[in-house]
Amino acid sequence: MSQEAVIRSLQNGPLTSYQLEDLTGIPRLSIAACCTKMSYKKKLKIGKVKMGRSWVSQYTLEPHMIESTKAANDEPYDKLTPFDIRNAKGIFTKAEYASMNNQAIRLFGRKPTNEITNNQYI
């Protein structure tokens with residue numbers, strides 16, 4: 001989960017650990033551990049940047065990890081097209097599934113065996 005959040009936030013360019021902490025809400029120690037692990041896997045580069053009087057880690061994604069270059073290689077990536085499988089997401093939000101489940105309980109008077117959930121097995 002933390003690796004996905006870090007990769008998403010680094011898509012537009014390099015960020016420091018403080019900026020990643022602000023964007024993702026993940027503690028800096030977890031970000032450092034996650035990014036160190038990803039650097040071993042050659043998914044990103046770690047550099048040092050001077051901020052004020054201290055040195056701070058700066059993380060940059062490797063070129064093969066950036067989504068815009070991935071999509072440009074095979075076919076153009078259009079985020080507005082609902083038929084593109086890369087835009088696939090759940091139909092309803094978690095709150096909408098919960099309200100549908102409550103309505104089903106009210107209608108049938110009992111807890112249904114096949115509960116309406118937000119499972120997305122595609």
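Refer to the structure above for everything that follows.
Residues numbered from 1 in each chain as written. Predicted model: local features only at pLDDT ≥ 70, side-chain atom pairs only at ≥ 80, totals over all residues. Heavy atoms only, no water.

*Asks:* In this structure, what is going on with the state of the cysteines? I would like to understand it.
*Replies:* Working definition: the covalent bond between the sulfur atoms of two cysteines is a disulfide. On inspection of all chains with the given rule, the structure shows zero disulfides. You can see Cys34 has no disulfide; the closest cysteine sulfur is in Cys35, sitting 5.0 Å from it. Taking relative accessible area as the criterion, Cys34 reaches 6% and is therefore assigned buried. (Disulfide = S-S within 2.5 Å. Buried < 20%, exposed > 50% of the residue type's maximum accessible area, 1.4 Å probe, protein only.)

*Asks:* Could you clarify how one ought to interpret the environment of Leu23 in this entry?
*Replies:* Along the chain, Leu23 turns up in helix α2 (residues 17-24). What makes Leu23 exposed here is its relative accessible area of 58%. Dropping the residues within four chain positions of it, Leu23 is found in contact with Ser9 and Leu15. (Helix = DSSP H or I, 4+ residues; strand = E, 2+ residues; numbered from the N terminus. Contact = heavy atoms within 4.5 Å.)

*Asks:* What exactly am I supposed to notice about the pattern of salt bridges here?
*Replies:* Pairing of side chains with opposite charge becomes possible as their charged atoms draw close. Evaluated as defined, the whole model comprises one salt bridge. The salt bridge involving Glu21 is made with Arg28; its shortest N-O contact spans 3.1 Å. Taking relative accessible area as the criterion, Arg28 reaches 35% and is therefore assigned partly exposed. (Salt bridge = Lys/Arg side-chain N within 4 Å of Asp/Glu carboxyl O.)

*Asks:* Help me out: how do you make sense of unusual backbone geometry in this one?
*Replies:* Most peptide bonds take the trans form, and the phi angle of most residues other than glycine is negative. Positive phi is not limited to glycine here, since Lys42 has a value of about 60°. Tracing the sequence through the fold places Lys42 in the loop between α3 (28-40) and β2 (44-51).

*Asks:* Would you mind showing me how to read the side chain of Ser9 here?
*Replies:* By the element assignment, Ser9 lies in helix α1 (residues 2-9). Given a relative accessible area of 16%, Ser9 falls into the buried group. If we skip the residues at most four places from it in the chain, Ser9 touches Leu15, Leu20, Leu23 and Thr24.

*Asks:* Explain the pairing of strand β3 (residues 54-61) to me, please; I cannot follow it from the model alone.
*Replies:* The side chains of a regular strand alternate between both faces of the sheet. Pairing of strand β1 (residues 15-16) with β3 involves two bridges; the strand directions are antiparallel. Note on β3: the bridge partner recorded for Thr16 is Gln58. Here eight bridges tie β2 to β3, and the two strands are oriented antiparallel to one another. For Ile46, the partnering residue across the bridge sits in β3 and is Tyr59. Hairpin remark: β2 followed by β3, antiparallel, with two residues in the connecting loop; positive phi at Gly52, about 70°. (Pairing = 2+ DSSP bridges.)

*Asks:* When you look at the environment of Gly25 in this model, what are you seeing that I'm missing?
*Replies:* Turning to its location among the elements, Gly25 is positioned in the loop between α2 and α3. Between the C-alpha atom of Gly25 and that of Ala5, which follows or precedes it by 20 residues, the distance is 9.6 Å.

*Asks:* For this particular structure, what's the right way to read the packing of α1 against α3?
*Replies:* Axis angle and axis distance: for two packed helices, these are the angle between their axes and the distance between the axes, and together they describe the pair. Running from N to C, α1 and α3 point in directions that differ by 80°, and their axes come no closer than 10 Å. In terms of their interaxial angle, α1 and α3 are classed as roughly perpendicular. For the pair formed by α1 and α3, the contact residues are Ser2, Gln3, Val6 and Ile7 on the first element and Cys34, Cys35, Lys37 and Met38 on the second. Residue classes in the contact of α1 with α3 are distributed as five nonpolar, two polar and one charged. (Axes fitted to C-alpha atoms, helices over the stretch in contact; angles between N-to-C directions. Parallel < 35°, antiparallel > 145°, perpendicular 65-115°, else oblique. Nonpolar A, V, L, I, M, F, W, Y, C, P; charged D, E, K, R; others polar.)

*Asks:* Any chance you could explain the side chain of Gln11 here in plain terms?
*Replies:* If you trace the backbone, Gln11 turns up in the loop between α1 and β1. Among the polar contacts made by the side chain of Gln11, one reaches the main-chain carbonyl oxygen of Ile7 at a distance of 3.2 Å. Ignoring anything within four residues of it in the chain, the contact list for Gln11 reads Leu61, Met65, Ile66, Glu67 and Ser68. (Polar contact = N/O pair within 3.5 Å; in protein donor to acceptor, adjacent residues only side chain to side chain.)

Note that all results are geometric; they support no functional claim without further evidence.
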